[in-house]
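Observations on the model geometry
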Amino acid sequence: MTKREIDSISGQETTGHEWDGIKELNHPLPSWWLYTFYASILVAVIYWVLMPAIPWFNGHSNGILGYSQRASLDHVMEAATAAQAQYIARIDQAPSLAAIRADADLFNFAQAGGRAVFNENCAACHGLGGSGRPGGFPTLADDDWIWGGTLDDIAQTVRHGIRNADPDSRQSVMPNFGTDSILTAPQIADVAEFVLSLSNRSTDTAAAGRGKTVFADNCAACHGDNGQGKPELGAPNLADAIWLYGDGSKLAIMAQVTKPKMGVMPAWGGRLSEAQQRMVTVYVHSLSGGQ
Amino acid sequence: MTETALQDSGTQEKVASRREQRAEPLYVGRIRVYPRKVRGTLRRFKSAMLVLLLAIYYAAPWLRWDRGPGAPDQALLIDLPGRRAYFFWVEIWPQEVYYLTGILVLAALGLFLATSLFGRVWCGFTCPQTVWTDLFMWVERTIEGDRNARMRLDKSPLSLGKVAKKIAKHGAWLVIALLTGGAWAMYFTDAPTLVRQFFTGGATVTVYFFVGLFTFTTYLLAGWAREQVCTYMCPWPRIQGAMLDEDSLNVTYRAWRGEPRGKHKAGTSWEGHGDCVDCFSCVAVCPTGIDIRDGAQLECIGCGLCIDACNEVMEKVGRPRGLIDFDSARNIALQSAGKPPVAWRPFRLRTIVYVTLLFLVAAGVFAALGTRSTLDINVLPERTPLFVLLKDGSIQNAYTIKILNKQRQAREFTLAVKEHPGARIEIVGADPAGVLAAKPDHVATYRVLVSLPRAEVGEDSEAMTFVLTDKSSSDTARHQTVFRGPDR
Ligand code: SF4
Ligand code: SF4
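Residues numbered from 1 in each chain as written. Chains lettered and ligands numbered in written order. Predicted model: local features only at pLDDT ≥ 70, side-chain atom pairs only at ≥ 80, totals over all residues. Heavy atoms only, no water.

For chain B, an unreviewed UniProt entry supplies the name Cytochrome c oxidase accessory protein CcoG and the organism Hypericibacter terrae.

Looking at an unreviewed UniProt entry, chain A carries the name Cbb3-type cytochrome c oxidase subunit, with the source organism given as Hypericibacter terrae. As recorded by UniProt, the Subcellular location (unreviewed entry) comment attached to chain A reads in full: "Cell inner membrane". (UniProt positions renumbered as here; feature names shortened; annotations may be inferred.)

Once that is clear, we can look at the overall build of chain B. If you tally the helices and strands in chain B, you get 17 helices and 14 strands. The C-alpha radius of gyration computed for chain B amounts to 33 Å, which surpasses the reference 23 Å derived for 488 residues by more than 25%, pointing to a less compact arrangement than a globule. Along the longest, intermediate and shortest principal axes, the C-alpha atoms of chain B span 110 × 60 × 50 Å. For chain B, the proportion of its 488 residues judged to be buried stands at 44%. Long-range contacts, defined here as pairs at least 24 residues apart, represent 67% of the contacts in chain B between residues at least 6 apart. (Helix = DSSP H or I, 4+ residues; strand = E, 2+ residues; numbered from the N terminus. Rg over C-alpha atoms; globule rule 2.2 N^0.38 Å. Buried < 20%, exposed > 50% of the residue type's maximum accessible area, 1.4 Å probe, protein only. Contact = heavy atoms within 4.5 Å.)

Let us now look at the interface of chain A and chain B. Often, the extent of an interface is quoted as the loss of accessible area on bringing the components together. Residue-level contacts link 33 residues of chain A with 26 residues of chain B. Both faces combined, the contact of chain A with chain B buries some 2,500 Å², and carbon together with sulfur accounts for 54% of it. Ranking the residues of chain A by area buried against chain B places Pro28(A), Trp32(A) and Asp143(A) at the top, with a combined share of 20%. Linking chain A with chain B are 0 salt bridges. The tally of links from chain A across to chain B stands at 6 residue pairs in polar contact (both at pLDDT 80 or more). Mapped onto the side of chain A that touches chain B, the elements with two or more residues apiece are helix 1 (31–50), helix 4 (104–121) and helix 11 (274–288) of chain A. (Buried area = accessible area lost by both parts, 1.4 Å probe. Salt bridge = Lys/Arg side-chain N within 4 Å of Asp/Glu carboxyl O. Polar contact = N/O pair within 3.5 Å; in protein donor to acceptor, adjacent residues only side chain to side chain.)

Before going further, it helps to examine the pairing of strand 1 (residues 76–79) of chain B. All names here are of chain B. Across 4 bridges, the pairing between strand 1 and strand 2 (residues 84–87) is antiparallel. What sits directly across from Ile78, in strand 2, is Ala85. As consecutive antiparallel partners, strand 1 and strand 2 are separated by 4 residues, and within that stretch Arg83 has a phi angle of approximately 55°, a positive value. (Pairing = 2+ DSSP bridges.)

Attention now goes to the sheet that holds strand 3 (residues 90–92) of chain B. Residue and element names in this part refer to chain B. Ordered in space as 1-2-3, the 3 strands form an open sheet in which the pairing is antiparallel. Both outer strands of the open sheet, strand 1 and strand 3, are each paired with one neighbouring strand and no more. Sheet twist, expressed as the average angle between the axes of neighbouring strands with direction ignored, equals 10°. (Axes fitted to C-alpha atoms, helices over the stretch in contact; angles between N-to-C directions.)

Our focus in this paragraph is the site of ligand 2. Residue and element names in this part refer to chain B. Residues in contact with ligand 2 amount to 13 residues; listed here are only the nearest, Cys276, Cys279, Phe280, Cys282 and Cys310. Among the elements of the structure, helix 14 (281–285) and helix 15 (305–317) are those that each provide at least two residues to the shell around ligand 2. Counted by class, the shell around ligand 2 contains 10 nonpolar, 1 polar and 2 charged residues. (Near = heavy atom within 4 Å. Nonpolar A, V, L, I, M, F, W, Y, C, P; charged D, E, K, R; others polar.)

Once that is clear, we can look at the UniProt feature "transmembrane region" (unreviewed entry) in chain B. Residues and elements named next belong to chain B. Under the UniProt annotation, "transmembrane region" (unreviewed entry) lies at residues 45–63, 97–118, 171–189, 201–222 and 352–370. Overall, residues 45–63 shows 79% helix and 0% strand. The separation of its end C-alpha atoms is 26 Å. Across residues 201–222, helical content stands at 82% and strand content at 0%; the span's end C-alpha atoms are separated by 28 Å.

Scanning the model with the defined rule gives 30 aromatic pairs over all chains in all. For the pair Trp32(A) and Trp33(A), a centre-to-centre distance of 5.8 Å together with 15° between the ring planes defines the contact as stacked. Here the aromatic cluster, defined as three or more aromatic residues joined through ring pairs, consists of Tyr57(B), Tyr58(B), Trp132(B), Trp184(B), Tyr187(B), Phe188(B), Phe209(B), Phe210(B) and Phe214(B). If you follow Arg133(A) out to its NZ or CZ, it ends over the ring of Phe137(A), 4.7 Å from the centre. Arg84(B) extends its terminal NZ or CZ atom over the ring of Trp93(B), reaching a point 3.7 Å from the ring centre. (Phe/Tyr/Trp six-rings, centres within 6.5 Å; stacked < 30°, edge-to-face > 60°. Lys NZ or Arg CZ within 6 Å of the ring centre and 35° of its normal.)

Below, the discussion takes up the site of ligand 1. In the region of ligand 1, the neighbouring residues are Val251(B), Cys286(B), Pro287(B), Thr288(B), Ile290(B), Ile292(B), Cys300(B), Ile301(B), Gly302(B), Cys303(B), Gly304(B) and Cys306(B). Of the residues assigned to the shell around ligand 1, the class counts are 9 nonpolar, 3 polar and no charged.

This paragraph deals with the nonpolar core. The biggest cluster of nonpolar side chains holds 34 residues, and the ones touching the most others in it are Ile91(A), Ile100(A), Phe118(A), Val282(A) and Val284(A). Where this core is concerned, the elements lending two or more residues are helix 3 (97–102), helix 4, helix 6 (151–160) and helix 11 of chain A. In terms of residues, this core owes the most to one element, helix 11 of chain A, which gives 7 residues. The residues contacting Val284(A), other than those within four sequence positions of it, are Phe118(A), Leu140(A), Trp145(A) and Ile154(A). Within the second largest apolar cluster, 26 residues are counted, among which are Ile377(B), Val417(B), Val450(B) and Leu452(B). (Core = buried A, V, L, I, M, F, W, Y, C linked by side-chain atoms within 4.5 Å.)

Relative to the helices and strands, Lys212(A) resides in helix 8 (residues 205–218). Lys212(A) sits 35 residues away from Asp247(A) along the chain, and the two C-alpha atoms are 21 Å apart.

Here the focus is the UniProt feature "domain: Cytochrome c" (unreviewed entry) in chain A. All names here are of chain A. Per the UniProt entry, the sites bearing "domain: Cytochrome c" (unreviewed entry) are residues 109–199 and 206–288 in this numbering. As annotated, residues 109–199 comprises 45% helix and 0% strand, and the C-alpha atoms at either end are separated by 40 Å. As annotated, residues 206–288 has a helix share of 49% and a strand share of 0%, and its two end C-alpha atoms lie 39 Å apart.

Segmenting chain B into domains produces domain 1 (41–240), domain 2 (245–336) and domain 3 (375–484). Computed from C-alpha coordinates alone, the two centres of domain 2 of chain B and domain 3 of chain B are separated by 72 Å. (Domains from an automatic or database assignment.)

A few words now on helix 6 (residues 128–144) of chain B. Here helix 6 of chain B is 17 residues long and its end C-alpha atoms lie 24 Å apart, about the 24 Å a rise of 1.5 Å per residue gives. Phi turns positive one or two residues past the end of helix 6 of chain B, at Gly145(B), with a value near 95°. (Expected span 1.5 Å × (residues − 1).)

Residue and element names in this part refer to chain B. On the basis of which strands lie adjacent, the open sheet formed by 4 strands has the order 11-9-13-14 and antiparallel pairing. If you trace the sheet from one side to the other, it starts and ends with strand 11 (436–438) and strand 14 (476–484), each paired once. Across the sheet, the mean angle separating the axes of adjacent strands is 30° when strand polarity is ignored. Here strand 13 (residues 461–470) runs beside strand 14; their pairing, made up of 9 bridges, is antiparallel. Residue Leu468 lies in a different strand from strand 14, and its bridge partner there is Ala477.

Okay, the UniProt feature "binding site: heme c 1" (unreviewed entry) in chain A next. All names here are of chain A. Per the UniProt record, the feature "binding site: heme c 1" (unreviewed entry) sits at Cys122, Cys125, His126 and Met265. A maximum C-alpha distance of 10.6 Å places the annotated residues, which cover 144 residues in sequence, within one compact spot. Along the chain, Cys125 turns up in helix 5 (residues 123–126). Residues contacting Cys125, with those up to four places away along its chain left out, are Gly132, Arg133 and Phe137. Within the secondary structure, Met265 is located in the loop between helix 10 (250–258) and helix 11.

Moving on, we come to the side chain of Arg257(B). Residues and elements named next belong to chain B. Its location among the elements puts Arg257 in helix 13 (residues 255–258). Judged by its relative accessible area of 15%, Arg257 is buried. Contact partners of Arg257, with chain neighbours within four places excluded, come to Gly274, Asp275, Met314, Arg319, Pro320, Arg321, Gly322 and Leu323.

Residues and elements named next belong to chain B. Two elements in contact, helix 6 and helix 8 (residues 160–186), have axes whose closest approach is 9 Å; the angle formed by their N-to-C orientations is 150°. Between helix 6 and helix 8, the crossing angle belongs to the class labelled roughly antiparallel. Crossing angle aside, the handedness with which helix 6 passes helix 8 is right-handed. Across the interface between the two elements, Trp132, Leu135, Phe136, Val139, Glu140, Ile143 and Glu144 from helix 6 touch Lys165, Lys166, Ala168, Lys169, Ala172, Trp173, Ile176, Ala177 and Thr180 from helix 8. (Parallel < 35°, antiparallel > 145°, perpendicular 65-115°, else oblique. Left-handed = near helix turned anticlockwise from the far one by under 90°.)

See the structure below:
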């Protein structure tokens, strides 16, 4: 034990350290400070014993309380599911989709739940927020509905899908006018010119006039006399600004007449619960305000 | 006086001697402070502040304020679960927490101003730590007696009397601490309900926990830690020097007048003798246990009790009062050099800047409060998709709008956009007439679709201002956002 040295000027004890003739005075901490420090160490040890704390050979020390964030997340999720259960039940038992739509509380819940269902199942093709994707995946946020946009129309489409094996699935076929030689190439060019004229974009009135007859004979049965479309057949409106395949140019129209593409959608009836189907229907309907 | 003088031998010596007695003196023990009772102007002022501040603290949660049915009727209430703060007629939503910022800035500026004028008056008279410590010391003095009696008691061997006194003291402290902790909780829930539930066992665990926590901290800080909080824990003593200058009034020992100090025999001449009779009264009354005659020091909280103590002595020995007084560094320097003092200068660049800032911020806060609207609208433009094309070729954007109805009644609104009177607005989920309803004191959320003819969408984005109008009062709220279209 070194001898304690008292600084002659201040009367304070020194630490015994000396640098270039300068001695360090010993200004000790108050003892309660020190005890607080010890208490902190103690708390750390207690924490380590109780809670999962340090890496171990096969993972980490578990702590005798057995706490785990995963378990507590499961807990929270269970509680959330339980809290949602009564809403889900009400949506399940609502007499109709319109009734859900009319109840502000249920409508809010269905919109939020529907968004989750949509993002998980539908967004891959139809895009987030129903923004659609080029190549035949219709935009759901606009006001154009190929198979109808009422709540019940949408529900039917969601449940049974389009052109799939489900017996109740929506079905319709457009003939291969070109590749099956139903129409000649000039006829196809004429009818495309006529379709352009429906949205006032035709530049060749003579061709459009010839195309009008071709349209009346071959297309009007499904697309309507003025190309206004027939939702019950899934025949799109040809007189508006929205095009499912291509950009609405003459070439794109001719391609579609020659060898049409037709979209397919799976039936969700078997995969989503009744409540999920109802919620996603309400959500999709709300995207554009519906019909 | 001699007895006191002996007991009050300098702090440094005490530390040194104590260390001598210990084998391994690693850490200083606490030097107990036994402040003596004192009479005088500043003591009276300090007591008056104590009564006033504590009265405000304990009584404020009991003030009622009628806000109509369904709303709490407590004048001051921070309702955390309900996410509202009530301050008399003002009701603050979480979105408006900037009022709190304004008030904190005002408090800081006020503290700066007071410090640059009068030194540590905040510490000495109004700081909660000071106020409760002072109260606890008063209890201690009432039960255990004044300084000498308390020192004797602590030194005396354990006896029934001693134990009884200690129990009485700590009991009284705990009762005060409980009242303090309880009152704190009352600012966060309805006071009468809380009191009833607290004593019938019906309050929540959270309430018991926090009341317990604040009771414990009050007891610990005001009863045990005391001046150590000011010396070791509080950051304020370390930064307040930045607010002081040579014209600030600080508690100062006028050494030019007091030195050379020493005992003085009544009736003898004062020639060659300073006014300080070295009686240690100033040290005995000091709640932080320092000797102000050593000059300005970090531990001094500026409470002025040493001024009262010394004045009493000066009167007794027949010298003018004010050997210790609030004085400026400038005057001390002047008088030490034998020059006459100058008048105190409260108006200095620093104080003028503080006052100006104080007024500006206060004006800002009051203007904001005065024009506070009970209606607000937030608009979130839809990002996916940014826009969609409609059948007729026009462009549609979707928005989520939130209506903050801060009134205690249901309201109905209409929505318009300013820049495009012809815009088609469709509100999903509103009644067919396009009226938006909002429940009392609630946020209503709507999805809104706005469409414009293609020709009206000039650049790739257009400014769009939503105007929400109350149907019955024509109160309006606006929110500017953008309308996006395809690049051209
Ligand atoms: S020195 Fe005087 S003013 Fe400072 S804390 Fe002590 S009694 Fe109060
Ligand atoms: S300053 Fe005043 S109170 Fe302090 S020792 Fe001197 S005479 Fe006594």
